[in-house]
Amino acid sequence: MPTRLVQVCLFKEDGAALRRFCEVTSGQLEVDNGELLSFHMGGPTVAHHRPSGVLGEDDVLVTLEAESPSAVDRIYQQLVQSGLEIDDEPEDTDWGWRVFYFRAGEHLFFEVGSEIR
(Lines give C-alpha, C1' and ligand atoms only; values in the text may rest on other atoms or scores of the structure.)
Protein backbone atom coordinates (compact mmCIF):
# COMPACT_ATOMS: atom_id res chain seq x y z
CA MET A 1 0.00 0.00 0.00
CA PRO A 2 2.07 2.93 -1.18
CA THR A 3 2.02 6.34 0.43
CA ARG A 4 3.82 9.46 -0.60
CA LEU A 5 5.63 11.99 1.55
CA VAL A 6 3.64 15.23 1.62
CA GLN A 7 5.17 17.33 4.38
CA VAL A 8 7.64 17.43 7.24
CA CYS A 9 6.70 20.04 9.85
CA LEU A 10 8.79 21.22 12.80
CA PHE A 11 6.83 22.51 15.79
CA LYS A 12 9.01 25.09 17.52
CA GLU A 13 8.57 28.59 18.93
CA ASP A 14 11.55 29.95 17.01
CA GLY A 15 11.64 28.81 13.38
CA ALA A 16 14.40 31.19 12.22
CA ALA A 17 17.01 28.46 11.67
CA LEU A 18 14.61 26.29 9.69
CA ARG A 19 13.51 29.32 7.63
CA ARG A 20 17.11 30.15 6.70
CA PHE A 21 17.85 26.50 5.88
CA CYS A 22 14.84 26.32 3.57
CA GLU A 23 15.60 29.66 1.94
CA VAL A 24 19.03 28.34 0.99
CA THR A 25 18.12 24.75 0.08
CA SER A 26 14.77 25.46 -1.60
CA GLY A 27 14.03 29.12 -2.10
CA GLN A 28 10.47 28.15 -3.10
CA LEU A 29 8.24 29.68 -0.45
CA GLU A 30 4.78 28.10 -0.37
CA VAL A 31 3.03 29.63 2.67
CA ASP A 32 4.04 32.35 5.12
CA ASN A 33 0.92 33.47 6.95
CA GLY A 34 2.17 33.96 10.50
CA GLU A 35 0.85 30.56 11.60
CA LEU A 36 2.53 28.33 9.04
CA LEU A 37 5.74 28.74 7.06
CA SER A 38 6.40 26.18 4.33
CA PHE A 39 8.74 25.71 1.41
CA HIS A 40 8.43 23.39 -1.57
CA MET A 41 11.12 20.70 -1.64
CA GLY A 42 10.27 19.04 -4.93
CA GLY A 43 6.85 17.49 -4.35
CA PRO A 44 6.82 17.55 -0.53
CA THR A 45 7.09 20.61 1.67
CA VAL A 46 9.16 21.42 4.75
CA ALA A 47 7.31 23.58 7.23
CA HIS A 48 7.45 25.36 10.58
CA HIS A 49 4.54 25.80 12.98
CA ARG A 50 4.50 26.99 16.56
CA PRO A 51 3.62 24.29 19.13
CA SER A 52 -0.08 23.55 19.12
CA GLY A 53 -2.25 20.99 20.93
CA VAL A 54 -0.42 17.71 21.48
CA LEU A 55 2.45 18.84 19.22
CA GLY A 56 4.95 20.54 21.50
CA GLU A 57 8.35 22.19 21.27
CA ASP A 58 10.74 20.27 18.97
CA ASP A 59 8.09 17.80 17.77
CA VAL A 60 8.23 16.77 14.11
CA LEU A 61 5.15 15.71 12.17
CA VAL A 62 5.66 13.71 8.98
CA THR A 63 2.58 13.63 6.75
CA LEU A 64 2.13 10.68 4.40
CA GLU A 65 -0.68 10.61 1.85
CA ALA A 66 -2.45 7.36 0.99
CA GLU A 67 -4.29 6.80 -2.29
CA SER A 68 -7.78 6.93 -0.73
CA PRO A 69 -9.64 7.10 2.60
CA SER A 70 -10.21 3.34 2.42
CA ALA A 71 -6.44 2.87 2.01
CA VAL A 72 -5.95 4.88 5.23
CA ASP A 73 -8.23 2.41 7.01
CA ARG A 74 -6.39 -0.59 5.51
CA ILE A 75 -2.98 0.79 6.52
CA TYR A 76 -4.27 1.42 10.03
CA GLN A 77 -5.61 -2.16 10.32
CA GLN A 78 -2.35 -3.66 9.04
CA LEU A 79 -0.29 -1.61 11.50
CA VAL A 80 -2.51 -2.68 14.42
CA GLN A 81 -2.34 -6.33 13.27
CA SER A 82 1.45 -6.05 13.14
CA GLY A 83 1.47 -5.24 16.86
CA LEU A 84 2.11 -1.50 16.72
CA GLU A 85 0.32 0.69 19.21
CA ILE A 86 -1.35 3.40 17.14
CA ASP A 87 -2.35 6.63 18.90
CA ASP A 88 -5.91 6.82 17.59
CA GLU A 89 -8.26 5.38 15.00
CA PRO A 90 -8.78 6.97 11.57
CA GLU A 91 -11.16 9.92 11.60
CA ASP A 92 -12.56 12.45 9.15
CA THR A 93 -11.26 15.97 9.78
CA ASP A 94 -12.76 19.43 9.38
CA TRP A 95 -10.20 20.12 6.64
CA GLY A 96 -11.44 17.26 4.44
CA TRP A 97 -8.98 14.44 5.15
CA ARG A 98 -9.30 11.00 6.74
CA VAL A 99 -6.29 10.60 9.06
CA PHE A 100 -4.70 8.74 11.94
CA TYR A 101 -1.52 9.45 13.91
CA PHE A 102 1.36 7.28 15.05
CA ARG A 103 3.94 8.41 17.61
CA ALA A 104 7.17 6.73 16.51
CA GLY A 105 9.36 8.36 19.17
CA GLU A 106 9.43 11.06 21.79
CA HIS A 107 9.31 13.88 19.22
CA LEU A 108 8.35 12.09 16.00
CA PHE A 109 4.75 11.75 14.82
CA PHE A 110 3.40 10.30 11.59
CA GLU A 111 0.12 11.46 10.12
CA VAL A 112 -1.29 9.06 7.53
CA GLY A 113 -4.20 10.42 5.54
CA SER A 114 -6.02 10.96 2.31
CA GLU A 115 -8.28 13.64 0.95
CA ILE A 116 -11.97 12.78 1.22
CA ARG A 117 -13.40 13.14 -2.29
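Preceding this paragraph is the structure being described.
None of the values given here were measured: they were computed from a predicted structure.

Participant: How do you make sense of the pairing of strand β3 (residues 36-40) when you look at a structure like this?
Facilitator: Bridge count between strand β2 (residues 29-32) and β3: 3 bridges; the pairing is antiparallel. Counterpart to L29 in the pairing with β3 is F39. Between β2 and β3, which pair antiparallel and follow one another directly, the connecting turn spans 3 residues, one of which, G34, has a positive phi of 90°. Relative to strand β4 (residues 45-49), β3 is paired through 5 bridges, and the arrangement is antiparallel. Paired with H40 across the bridge in β4 is T45. The hairpin formed by β3 and β4 contains 4 residues between the paired strands, and G42 there has a positive phi angle of roughly 75°.

Participant: Looking at this model, I keep getting lost on the nonpolar core. Mind explaining?
Facilitator: A general tendency of soluble globular proteins is for nonpolar side chains to be buried together. In terms of nonpolar packing, the biggest core is built from 11 residues, these being V62, L64, A66, A71, V72, I75, Y76, I86, F100, F102 and V112. Those elements that provide at least two residues to this core are β5 (59-66), α2 (69-81) and β7 (97-105). Of all the elements, α2 adds the most residues to this core, at 4 residues. If sequence neighbours within four positions are ignored, L64 has contacts with T3, R4, L5, V6, F110, E111, V112 and G113. Ranked by size, the runner-up nonpolar core spans 6 residues in total, among them C9, A47, L55 and L61.

Conventions and cut-offs
- Counting of residues starts from 1 at the beginning of each chain's written sequence and follows it residue by residue.
- Local features are withheld for residues below a pLDDT of 70 in this predicted model, meaning they are given only at 70 or higher, and side-chain atom pairs are given and counted only at 80 or more; totals for whole chains, interfaces and linings count all residues.
- The basis for the side-chain values is all heavy atoms of the structure; hydrogens and waters are excluded.
- We treat two strands as partners when DSSP finds at least two bridges between them.
- Each helix is a run of DSSP H or I of at least 4 residues and each strand a run of E of at least 2, with the numbering of both proceeding from the N terminus.
- Residues belong to one nonpolar core when they are buried, are Ala, Val, Leu, Ile, Met, Phe, Trp, Tyr or Cys, and are joined through side-chain atoms within 4.5 Å.
- A 1.4 Å probe rolled over the protein chains alone gives each residue an accessible area, and that area as a share of the maximum for its type sets the label: buried under 20%, exposed over 50%, partly exposed in between.
- Contacts were defined at the residue level, with two residues in contact if any of their heavy atoms lie within 4.5 Å.

Without other data, these values stay purely geometric and don't point to any function.
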